[in-house]
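Residues per chain are reported as follows:
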Amino acid sequence: MNMNVNISSKEFALMQRYIEEECGISIGNDKAYLIESRLSSMLGEFNCSSYEELYHLIYTKKDRRVSERVIDAITTNETLWFRDKTPWIILEKVLLPQYIKDLESGKRDRIRIWSAGCSTGQEPYSTAMVIHNFLDIRGLKEKFLPKFEIVATDISSTVLEVAKKGRYDSISIMRGMPASYRDKYFKREGRVWILDDEIRNMVDFRQFNLQNSFVLLGKFHIIFCRYVMIYFSSDLKDELVSKFSMALKDSGILFIGSSEMLSVYREYFDMEQYEGGVYYRKKGEVL
Amino acid sequence: MKIMTVDDSAIVRKIIRSAVEVLDYEVVEAKDAKEALDILEDEYEDIALILLDWNMPGMDGFEMLELIKKDKHLRHIPVMMVTSETGGENIIKAIQTGATHYLVKPFTIEELTKRILECLGRG
Amino acid sequence: MDMVSVDMKKLNGLLNRAVIDVITTMTGFDVEDDPDCSQFAEFESVETIIGVMAVFGSIDAVVALATDINSSKLIVAYMTGIMPTDLTDEDVHDGMAELVNMLVGRVKADLVREGLDLSITSPFSISGTNIEMVFKDRENRICRRFIAGDVEMFLSVAKI
Ligand SMILES: C[S@@+](CC[C@H](N)C(=O)[O-])C[C@H]1O[C@@H](n2cnc3c(N)ncnc32)[C@H](O)[C@@H]1O
């Protein structure tokens, strides 16, 4: 059995360190097999005949473009419509009624939402459908729909390309999509499901690496960053929690995945619960 | 343009069909290397990408990859191995023989779609 | 070859992880496992479909993934995006066989990495009611139950 072309423990340790330091991603020892296949296209592209060669090449390069390629190659893009359900219940039952009141009274003039790590668009489009439907059934659509801005970002320009098209295969559509939303907002052409333009136009997709500064994105009322930080090193995770709090308006909301935990959030957020779902509210300014 | 899937599992071909149709490509299915090579003989000019399983009855996917990359009409077509055959050894072998990508089963539909787009981009 | 480097307990762990990984990835289901297989007996009275594959080399074993026909339709529907009512019998058989194929592929990769030598057969599937799997060597048999919502599956591995 020829074993020397599998990732050796030395090569793997080297790569592990690179991925943690440059990409902010922690990789467990049991994930060597995944790295091998996910980095396969980079082997060809950089003309390397072994993983060792590739590792040395990217390790010595220390180039942001290369590390972004590595992040894109090794992270999963798995996503579902209305994943975990509770964030959208909270949006509909807790947040939207308040936002509409504030928009009506003039206390706020628009509502900005960020889906950070949006993959192929299921998360921002789920959000857009809930907002659209909420306003639509109350006859408030004309008046308030333009007040909502959804920004969706991901490091992978390929998943963003899929997201922008708003066309979904029947496998993706089956995952988490309630029939009521599907029937209201999608048109079927053969086995392809096409999202309504009105929903598609509510979301602005941009390529963005969460390791970069958030300053140019402006401030948000809600940030979704779900099942993204699960891969991150604890340093990057802690850094992001503080960056998210700075990117939120006062008492802005952060949603993370239901199986995720934040270790240090108390400095910036209060944890709140509604119908079994957890969300984080930015702490008010302490004078 | 068309994308070809060569896999002895009808289910895998159907999953791939799902992903490909969304991207507005036509799908050509072959259940083994022989059928695939027959189709390629007539249609090679229309094929933008071949998704190739490794373990198939008859000629295996790796042998077919070698044939493709030696043929002057076929070798420019990008090939992505889509297989449950893992291990760095096989991956290196496939990439050195000219495969563009190596996707290991099981894969999520998002990953499949993303890898297909990546292969097309560098076709 | 002997079994020094892989005992049944370790194999059990690897298989467990592989089943959860394969089913979750291919269907989007949340899968949980349960070492208790006692319900397997009850389950044998409904129409069952079993994906099967054999492994030879450092370990000689048969791997079987069994489920009732309704669960298998749901699983294959989520794998392919085809409504359960539109699935053909062939789709369901092929889907179960493919799942076992992916499962064994995953475990094989883990074991080969540790230096074992393994080859695998093509997967196939069988279906029927009252199917009983009888193995002589009761000691070296692994059985685990997996659940995902209404879907229930049993993995059975027997050394041969
Ligand atoms: C598992 S998906 C989650 C998608 C969605 N938020 C959900 O919960 O369904 C994680 C996404 O995060 C993106 N991602 C990973 N690291 C990133 C980074 N450093 N900057 C931006 N996006 C990143 C990946 O490309 C991937 O699409």
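Residues numbered from 1 in each chain as written. Chains lettered and ligands numbered in written order. Predicted model: local features only at pLDDT ≥ 70, side-chain atom pairs only at ≥ 80, totals over all residues. Heavy atoms only, no water.

(A) Expanded view of the overall build of chain B. Counting its secondary structure elements, chain B contains five helices and five strands. Of the regular secondary structure in chain B, the N- to C-terminal order runs β-α-β-α-β-α-β-α-β-α. Its C-alpha radius of gyration of 13 Å places chain B within 12% of the 14 Å reference for a compact globule of 123 residues. Dimensions of chain B, computed from the C-alpha atoms along their principal axes, are close to 35 × 30 × 30 Å. When each of the 123 residues of chain B is scored for burial, the buried share is 64%. In chain B, the share of contacts with a sequence separation of at least 24, taken over all contacts with a separation of at least 6, comes to 61%. A total of about 4,300 Å² of accessible surface is found on chain B, and carbon and sulfur atoms cover 44% of it. (Helix = DSSP H or I, 4+ residues; strand = E, 2+ residues; numbered from the N terminus. Rg over C-alpha atoms; globule rule 2.2 N^0.38 Å. Buried < 20%, exposed > 50% of the residue type's maximum accessible area, 1.4 Å probe, protein only. Contact = heavy atoms within 4.5 Å. Areas by Shrake-Rupley, 256 points an atom, 1.4 Å probe, with all protein chains shown as cover.)

(B) Region of interest: the sheet that holds strand β7 (residues 220-224) of chain A. Residues and elements named next belong to chain A. Taken together, seven strands build an open sheet; the order of strands is β6-β2-β1-β7-β8-β10-β9 and the sheet is mixed. Each of the sheet's edge strands pairs with one partner strand only, and the pair in question is β6 (203-207) and β9 (269-274). Within this sheet the neighbouring strands show an average axis-to-axis angle of 25 degrees, counted without direction. Summarising the sheet, strand β1 (residues 111-116) and β7 pair through three bridges and their orientation is parallel. Bridge pairing links I113 to I222 in β7. Lying over the sheet, helix α9 (residues 157-165) contacts β2 (148-154) and β6, oriented at roughly 165 degrees with respect to β6. (Pairing = 2+ DSSP bridges. Axes fitted to C-alpha atoms, helices over the stretch in contact; angles between N-to-C directions.)

(C) Structural detail: the pattern of salt bridges. Inspection of every chain in the model, using the stated rule, returns 39 salt bridges over all chains. Where A:R65 meets A:D63, a salt bridge forms, and the shortest distance between an N and an O atom there is 3.7 Å. The partly exposed category is assigned to A:D63, whose relative accessible area is 23%. Here C:D34 ties to C:R145 by a salt bridge, and the two come within 2.7 Å at their closest N and O atoms. In this pair, C:D34 is assigned in strand β1 (residues 32-34) and C:R145 in strand β6 (residues 141-148), connecting sequence segments 111 residues apart. Both residues of the pair, C:D34 and C:R145, belong to the buried class. Each of A:R38, B:E111, B:R115 and B:E118 takes part in a single network of salt bridges with overlapping partners. (Salt bridge = Lys/Arg side-chain N within 4 Å of Asp/Glu carboxyl O.)

(D) Geometry of the interface of chain C and chain B. Counting residues at the interface gives 19 residues for chain C, matched by 15 residues for chain B. Of all residues in chain C, C:T25, C:T80 and C:D94 give up the largest surface area on contact with chain B, accounting jointly for 30% of the area buried on that side. Our count for the chain C to chain B interface comes out at three salt bridges. A salt bridge links B:K14 to C:D91; the shortest N-O distance between them is 2.5 Å. (Buried area = accessible area lost by both parts, 1.4 Å probe.)

(E) View of unusual backbone geometry. A cis amide bond, omega 0 degrees, links B:K105 with the succeeding residue B:P106. Summarising the element assignment, B:P106 is placed in the loop between β5 (101-104) and α5 (109-121). Not every positive phi belongs to a glycine, and A:S251 is a case in point at roughly 50 degrees. Tracing the sequence through the fold places A:S251 in strand β8 (residues 248-255). Overall, the relative accessible area of 32% leaves A:S251 in the partly exposed class. At A:E275, a residue that is not glycine, the phi angle is positive and equals roughly 45 degrees. With respect to the helices and strands, A:E275 occurs in the loop between β9 and β10 (277-282). Here A:E275 falls in the exposed class, since its relative accessible area comes to 52%.

(F) Main features of the site of the ligand. All names here are of chain A. In the vicinity of the ligand, 21 residues are found, and the nearest of them are T79, R83, G117, D154 and L210. Here G117 contributes a backbone N or O atom positioned 2.8 Å from a nitrogen atom of the ligand. Measuring from a nitrogen atom of the ligand, one finds a backbone N or O atom of R226 at 2.9 Å. When the free accessible area of the ligand is taken as 600 Å², the share hidden by the protein chains comes to 99%. Split into classes, the residues belonging to the shell around the ligand amount to nine nonpolar, seven polar and five charged. (Near = heavy atom within 4 Å. Polar contact = N/O pair within 3.5 Å; in protein donor to acceptor, adjacent residues only side chain to side chain. Nonpolar A, V, L, I, M, F, W, Y, C, P; charged D, E, K, R; others polar.)

(G) A look at the side chain of B:K105. Along the polypeptide, B:K105 turns up in the loop between β5 and α5. The buried category is assigned to B:K105, whose relative accessible area is 1%. A polar side-chain atom of B:K105 sits 3.4 Å from a polar atom in the side chain of C:E98.

(H) Up close: the environment of A:K61. Residue and element names in this part refer to chain A. Along the chain, the position of K61 falls in helix α4 (residues 51-61). Overall, K61 belongs to the partly exposed group, its relative accessible area being 44%. Discounting chain neighbours no more than four positions away, the residues touching K61 are F46 and V66.

(I) Quick look at the environment of C:D117. Residue placement: C:D117 occurs in the loop between α4 (89-113) and β4 (118-120). A sequence separation of 58 residues divides C:D117 from C:I59, and the C-alpha atoms of the two residues are 8.4 Å apart.

(J) Examining the sheet that holds strand β5 (residues 192-195) of chain A more closely. Residues and elements named next belong to chain A. One open sheet holds the three strands; their spatial order is β3-β5-β4, and the pairing between them is antiparallel. Looking at strand neighbours, the two that pair on one side only are β3 (167-169) and β4 (186-189), the edges of this open sheet. Across this sheet, the average inter-strand angle for adjacent strands is 30 degrees, counted without regard to direction. Inspection of the sheet shows β3 paired to β5 by three bridges, in the antiparallel sense. By the bridge assignment, Y168 is partnered in β5 with W193.

(K) Representation of helix α1 (residues 9-23) of chain A. Residue and element names in this part refer to chain A. Over its 15 residues, α1 runs 20 Å from end to end, which matches the ideal 21 Å to within 8%, given 1.5 Å per residue. By the burial criterion, the buried members of α1 are E11, F12, M15, Y18, I19 and C23. End-on view of α1: buried residues confined to an arc of 125 degrees, all on one side of the axis. Set apart from the buried face of α1 by more than 90 degrees, the exposed residues are S9 and K10. Elements in contact with the buried residues of α1: α2 (32-38), α4, α5 (64-74) and α13 (234-247). Two residues or fewer after α1 comes G24, characterised by a positive phi angle close to 70 degrees. (Expected span 1.5 Å × (residues − 1). Arc of directions from axis to C-beta.)

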